[in-house]
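Here is how the chains run, residue by residue.
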Amino acid sequence: MQTSVELQEPISYMPLWIILAIVLLLLIIAAQIVFRILFKGRLKRPKKVKIKKPRPKTMEEIKKKYLFMLNSIETNLAGGKITVREGYKRISECIRGFVFEATGVPVDKFSLSEIRKMRMPVLTSLVQEYYEPEFARTTYADIRQSAFKTRKAIETWR
């Protein structure tokens, strides 16, 4: 059976597309090299965080504010108005807000790994303790003990 279509051998196609693909690939590699050379130091340089110390009177006001907030969270937990998971979320917000107001460091927006880099061991251990119950569907953590530790951290903060 004869057909009117004649197929060409693959070798007879124009190599223009292959050449264009190779040139484009080489341009991308060259751009990456130039980008990495030009911006090498800017991308990895950690930002320095300035820790401010509030006046003693102001620190006492900040402590009172967050201790009151912590008491409110415990009252809502005891009354059944919030779940344990919501309680851990609020306690985490409480300690992070306290540290932000006490130091000026925006830890309320930091992840646990970023908090570890800040070298604040009390805050790191508390946030680490909150992580599992805050994000798990069910938990067996003792929120009263966590609230006690948070209260102690706020009261003894310098």
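All figures in this text were calculated on a predicted structure; none of them were measured in a lab. (Residues numbered from 1 in each chain as written. Predicted model: local features only at pLDDT ≥ 70, side-chain atom pairs only at ≥ 80, totals over all residues. Heavy atoms only, no water.)

Asks: Talk me through the layout of surface pockets; I want residue IDs and the actual numbers.
Replies: Approximately 190 Å³ is the volume found for the second largest pocket. The wall of the second largest pocket is formed by 13 residues, among which Lys53, Met59, Thr103, Trp157 and Arg158 lie closest to the centre. Where the lining of the second largest pocket is concerned, the elements lending two or more residues are α3 (56–78) and α4 (84–103). Element by element, the count of residues in the lining of the second largest pocket is highest for α3, at 3 residues. Here the lining of the second largest pocket is built from residues that sort into 7 nonpolar, 1 polar and 5 charged. (1 Å grid on protein atoms, 1.4 Å probe; cavity = no way out; pocket = protein on both sides within 12 Å on 5 of 7 lines; lining within 4 Å. Points joined across faces, edges and corners; volume = space filled by probe spheres on them. Helix = DSSP H or I, 4+ residues; strand = E, 2+ residues; numbered from the N terminus. Nonpolar A, V, L, I, M, F, W, Y, C, P; charged D, E, K, R; others polar.)

Asks: Tell me what's going on with the side chain of Lys63, and back it up with residues and numbers.
Replies: For Lys63, the location among the structural elements is in helix α3. At 3.0 Å, the side chain of Lys63 forms a polar contact with the backbone oxygen of Trp157. Ignoring any residue separated from it by four or fewer positions in sequence, one finds Lys63 in contact with Phe98, Ile154, Glu155, Thr156 and Trp157. (Polar contact = N/O pair within 3.5 Å; in protein donor to acceptor, adjacent residues only side chain to side chain. Contact = heavy atoms within 4.5 Å.)

Asks: Run through the packing of aromatic side chains, naming residues and quoting values.
Replies: Tallying each qualifying case throughout the model produces 4 aromatic pairs. Judged by centre distance (6.1 Å) and plane angle (55 degrees), the rings of Tyr88 and Tyr130 are tilted. Linking Tyr88 in helix α4 with Tyr130 in helix α6 (residues 121–135), this pair joins segments that are 42 residues apart in sequence. By relative accessible area, which is 0% here, Tyr88 ends up buried. Residue classification places Tyr130 among the buried positions, given a relative accessible area of 0%. The interplanar angle of 85 degrees and the centroid separation of 5.8 Å between the aromatic rings of Phe98 and Trp157 together place this pair among those described as edge-to-face. A residue pair is termed long-range when its members are at least 10 positions apart, and Phe98 in helix α4 and Trp157 in the segment after α7 (143–156) qualify at 59 residues. Here a set of aromatic residues connected by ring pairs shows up, and it is made of Tyr66, Phe98 and Trp157. (Phe/Tyr/Trp six-rings, centres within 6.5 Å; stacked < 30°, edge-to-face > 60°. Buried < 20%, exposed > 50% of the residue type's maximum accessible area, 1.4 Å probe, protein only.)

Asks: I'd like a rundown of the pattern of salt bridges, residues and numbers included.
Replies: In total, this model carries 6 salt bridges according to the counting rule given. The partner of Lys65 in a salt bridge is Glu101, and the shortest N-O contact between them spans 2.7 Å. Of this pair, Lys65 sits in helix α3 while Glu101 sits in helix α4, and the two are 36 residues apart along the sequence. Residue class for Lys65 comes out partly exposed when judged on its relative accessible area of 41%. We classify Glu101 as partly exposed; its relative accessible area is 25%. (Salt bridge = Lys/Arg side-chain N within 4 Å of Asp/Glu carboxyl O.)

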